[in-house]
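Fold and geometry: a report
Chain residues, written in single-letter form:
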Amino acid sequence: MQPEIVRKLRQIMGPDGVVVDETALLVYECDALAIFKHPPDAVVFAQTAKQVSEVVKLANEYSIPFLPRGTGTGLSGGAMAAEGGILIEMQRMNKILSIDVENRIAVVQPGVVNLHITQATAPLGLYYAPDPSSQMACSIGGNVAENAGGPHCLKYGMTTNHILEIEAVLSDGEIVRLGNPAGETVGMDLVGVIVGSEGTFAIVTEIVVRLLPKPQAVKTLLAAYRSVEACSQTVSDVIAAGIMPAALEFMDDKAIEAVEASVYKAGYPRDARAALLIEVDGFREGLEETSDAIVRICEKNQAYEVRVAKDDQERAQLWLGRKGAFGAMGRISPDMVVMDAVIPRTQLPGVLTEIYRLSEHYGLGVANVFHAGDGNLHPLILFDSRRKEQVDKIIDFGGDIMKVCVAVGGSLSGEHGIGIEKKEFMGLVFNEDDLDTMMQVKQVFNPRGLLNPSKVFPTRRSCTEIGKGTTTDTATIGKRVEAVLLRGAGDH
Amino acid sequence: MTIDGIGAGRLVFPESIEQLSECVAAEKGSVVPVGAGTQLEFGNPLKSADCVVNLTRLNKVTTYNPAELTIHVEAGVTLKHLHSLLAANNQTLPLDPWNGADATIGGIASTSAQGPLRATGTIRDWIIGMTVVHIDGRRSKTGGRVVKNVTGYDLAKLYTGSLGSLAIIAEISFKLRPSFPATATALARFSSLAEAESVLAAIRTSKVQPIACELSGPKHAVTVRFGEHPQAVEFQIRNLPKASWEVVKAENENVSLENLHRLHSEMGPIVLRVVGKPSEVRGIIEEYQPSSWIAHALNGIVLMAFDDASAIAAVRRKFPAIVERAPAAIRSEFGTFGVQGAAKRLMVDMKRTFDPERRLNPGRHIDGE
């Protein structure tokens with residue numbers, strides 16, 4: 001990076017707010033999807049929206065790409081500097097600015113860790129609902145960029161349903177405030193379209209989130225099955241009974257095997273072909289009856305064991321296995337890649353059969369964890385990074401899984417985003433007109449294409465989009481699949 | 001057919017999305033999409049209407065598989081039809097817009113219409129995908145057919161509430177919820193706004209979670225509706241702050257909700273939708289002294305009726321406010337949305353990008369103010 005630009009960055013950020021040392025920059029060469037790497041040319045540590053604005057203006061002046069980064073837990077390469085440039089680190093903007101109990105809102109900075117909002121509001125009887133599994137580490141700004149999900153989406157919605165108002169720095173450096181505390185659309189829902197734009201529309205610098213009252217009571221139960229079909233039918237029957245579970249999590253035998261062999265051992269029945277973790281929450285009144293109704297549905301579908309947690313400790317135990325499932329894979333495989341796809345939930349048995357067939361075809365193991373309530377499937381591809389022939393097959397195997405999911409009416413990503421990882425697959429679900437329309441909207445927010453380039457759209461498109469600024473062919477980055485441990489790093 | 005005094009040049013009734021596409025592509029003048037026509041006076045006055053595209057024959061339910069808890073419908077399906085179809089499967093889309101169940105689902109989405117159930121969200125929260133027809137006749141889709149999806153930009157958010165000014169909504173996919181296992185509505189009348197507000201303040205910090213909570217005036221009536229497991233409904237009614245509540249269920253509940261809708265329909269001649277915080281509702285009403293009002297008390301949104309248009313500018317000095325109802329001349333003078341600054345610039349750019357020749361619903365949305 002030109003010394004002149006570095007000097008100007010230091011003027012804006014202060015002497016310790018800029019990193020340009022090549023070794024230090026390697027820390028920022030990827031997010032939690034470590035198979036795609038490219039370092040930025042500089043990292044700045046923002047503390048105010050004004051600093052972000054000035055850095056963005058500088059980047060515009062020199063036509064340098066720039067992008068925001070939260071805590072780097074993303075799993076689609078969204079915070080990876082695909083074309084180098086300036087990476088704007090948001091972690092120092094980590095204050096909860098206010099909590100308004102009566103109006104059930106909190107005003108937070110983007111670097112605040114998701115779980116910290118819930119921790120800060122819990123004593124007041126409130127919480128922030130979206131709970132991606134990385135919630136102990138992921139930032140709310142990153143959640144907004146990716147429209148993060150979590151196991152409780154079915155009942156409580158995704159991030160987009162909980163963001164009311166934002167302050168953001170636009171791609172030309174202007175600071176704007178959009179939305180309002182009522183979440184009412186006045187004119188156009190610009191907040192709604194910025195949420196989930198994967199950091200390509202604006203850099204969010206302040207967020208007003210909706211808080212919900214903590215449920216009075218929670219019931220959690222585990223049901224074990226000898227067949228995937230019976231397990232899947234239970235899900236349909238629970239929905240058909242008019243029950244809205246807070247969470248409905250599916251694990252296949254491979255996932256159970258890994259969990260039970262690990263420190264996350266939760267006492268799941270080891271011989272089960274599939275298991276469901278079901279949670280209902282809400283008012284204490286009526287919850288016991290709802291839970292009983294679910295038990296009956298499980299039994300009707302030949303669950304051979306149904307275990308209802310008696311207290312918080314047993315509840316935590318049941319969740320331990322599910323939440324630790326990704327980390328537990330280390331017990332049965334040296335390395336793994338977390339996939340993220342969505343299918344209509346009734347299609348699960350057929351899709352699983354196909355994934356197992358592909359697993360055999362590629363000679364790579366696969367375990368499946370599934371947010372069965374909302375159809376979000378997380379196949380975990382198991383491999384050994386020391387074996388090149390295995391590594392070489394991951395992308396094709398993953399691609400085939402995507403195709404299977406799309407073929408049954410599903411989609412490419414339920415919560416991780418497209419980023420770098422899946423952009424070449426966008427053509428599976430969207431045609432030219434669909435992508436053109438998205439590109440048009442991107443042009444409104446990001447006309448010069450400097451903000452987080454080479455993301456979301458297939459490569460050919462992103463090249464034409466940014467024109468001569470392109471220095472790196474991201475498709476070749478994609479092929480540089482490196483041996484990486486993703487253990488426990490997941491947002492799932 | 002006349003909208004805001006503009007007569008339609010031609011009126012077409014496409015019966016499929018393909019036909020819609022074709023007739024929009026063939027049109028060289030202005031194109032005005034309409035549904036059941038329940039909200040033709042919402043938005044800035046229309047500037048021209050060479051071709052009015054009536055979408056009510058685009059009324060097929062494309063797919064409904066109750067086990068998926070999703071439904072895919074064409075834009076002309078009425079809310080009434082949708083509700084009856086869903087109710088037969090013990091499911092619902094919790095929408096009760098003021099303009100009634102005869103409205104089409106496309107019209108409700110285009111206007112982001114809402115009613116007492118605002119406390120549970122708006123239509124934006126239930127839309128998972130959309131197909132739209134652009135001014136050149138091209139079709140595009142956004143989102144998908146699954147309940148959780150972050151594939152590509154969520155353009156349905158843009159189309160929702162933009163009054164058909166960017167593209168014509170042709171098909172919508174919704175996620176659904178189970179029907180409320182039981183509902184009940186508690187009604188109380190208070191002698192003053194202060195008294196009503198003290199009860200609402202207690203509700204805001206209490207254990208109850210109403211699906212609707214409306215404060216109407218000048219009679220200071222509070223309508224609180226619950227939808228939950230029967231035992232949880234009873235629990236919440238027991239835990240309401242002290243007041244002389246009358247609890248109504250079943251048919252009587254419908255009557256009380258209809259009364260609320262009637263109150264809304266009688267508001268005027270100017271109705272503003274003022275956006276504040278729940279704790280500001282009382283202050284907003286006291287400061288601007290509307291002739292009548294209905295507040296979504298848990299959302300901080302107050303619908304206020306005025307005789308005099310000067311209230312619009314006064315309110316907008318402090319709060320965002322949408323002109324929900326007003327004679328065309330007043331909508332034209334003040335603008336329906338009153339958005340300013342960078343937000344307005346982005347919206348105008350968006351309109352220009354989607355419709356550079358300004359042929360789609362010209363003047364109706366942000367381009368009319």
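Anyway, here's the lowdown on the structure attached to this text. Values in this document were obtained by computation on a predicted structure and should not be read as measured data.

Time to look at the overall build of chain A. A tally of regular secondary structure across chain A gives 17 helices and 19 strands. Referenced to the eigenvectors of the C-alpha coordinate spread, the extents of chain A come out at roughly 70 × 60 × 45 Å. The burial tally for chain A puts 66% of its 492 residues in the buried class. Of the contacts made within chain A by residues no fewer than 6 positions apart, 73% connect residues no fewer than 24 positions apart. Surface exposure of chain A reaches about 16400 Å², of which carbon and sulfur atoms provide 51%.

Residue and element names in this part refer to chain B. Taken in spatial order, the 3 strands line up as β3-β5-β4 in an open sheet, and their pairing is parallel. This sheet does not close on itself; its edge strands, each paired only once, are β3 (10–12) and β4 (31–34). Pairwise comparison of adjacent strand axes, ignoring direction, gives a mean angle of 25 degrees for this sheet. Here 4 bridges tie β4 to strand β5 (residues 51–54), and the two strands are oriented parallel to one another.

All names here are of chain B. Inspection of helix α2 (residues 79–87) places Leu79, Leu82 and Leu86 among the buried residues, and these make up the whole buried set. End-on view of α2: buried residues confined to an arc of 65 degrees, all on one side of the axis. Buried residues along α2 sit in contact with β6 (61–65), β7 (70–74), β8 (91–92) and α3 (105–111).

All names here are of chain B. Together, Met1, Leu11 and Phe13 make up an exposed nonpolar region whose accessible area comes to about 260 Å². When you line up the elements, Leu11 lands in strand β3. Leu11 sits in the partly exposed class, given a relative accessible area of 40%.

This part takes up the nonpolar core. Residues Leu190(A), Phe250(A), Ile105(B), Leu158(B), Phe174(B) and Met350(B) are the most contacted members of the largest nonpolar core, which totals 138 residues. The element contributing the most residues to this core is helix α13 (residues 388–407) of chain A, with 8 residues. Split by domain, the residues of this core number at least three in each of domain 1 (7–179) and domain 3 (267–351) of chain B.

Cut-off values and rules
- Residues numbered from 1 in each chain as written.
- Chains lettered and ligands numbered in written order.
- Predicted model: local features only at pLDDT ≥ 70, side-chain atom pairs only at ≥ 80, totals over all residues.
- Heavy atoms only, no water.
- Helix = DSSP H or I, 4+ residues; strand = E, 2+ residues; numbered from the N terminus.
- Buried < 20%, exposed > 50% of the residue type's maximum accessible area, 1.4 Å probe, protein only.
- Contact = heavy atoms within 4.5 Å.
- Areas by Shrake-Rupley, 256 points an atom, 1.4 Å probe, with all protein chains shown as cover.
- Pairing = 2+ DSSP bridges.
- Axes fitted to C-alpha atoms, helices over the stretch in contact; angles between N-to-C directions.
- Arc of directions from axis to C-beta.
- Patch = residues over 30% accessible without salt bridge, like charges linked within 9 Å, V, L, I, M, F, W, Y side chains within 5 Å.
- Salt bridge = Lys/Arg side-chain N within 4 Å of Asp/Glu carboxyl O.
- Core = buried A, V, L, I, M, F, W, Y, C linked by side-chain atoms within 4.5 Å.
- Domains from an automatic or database assignment.

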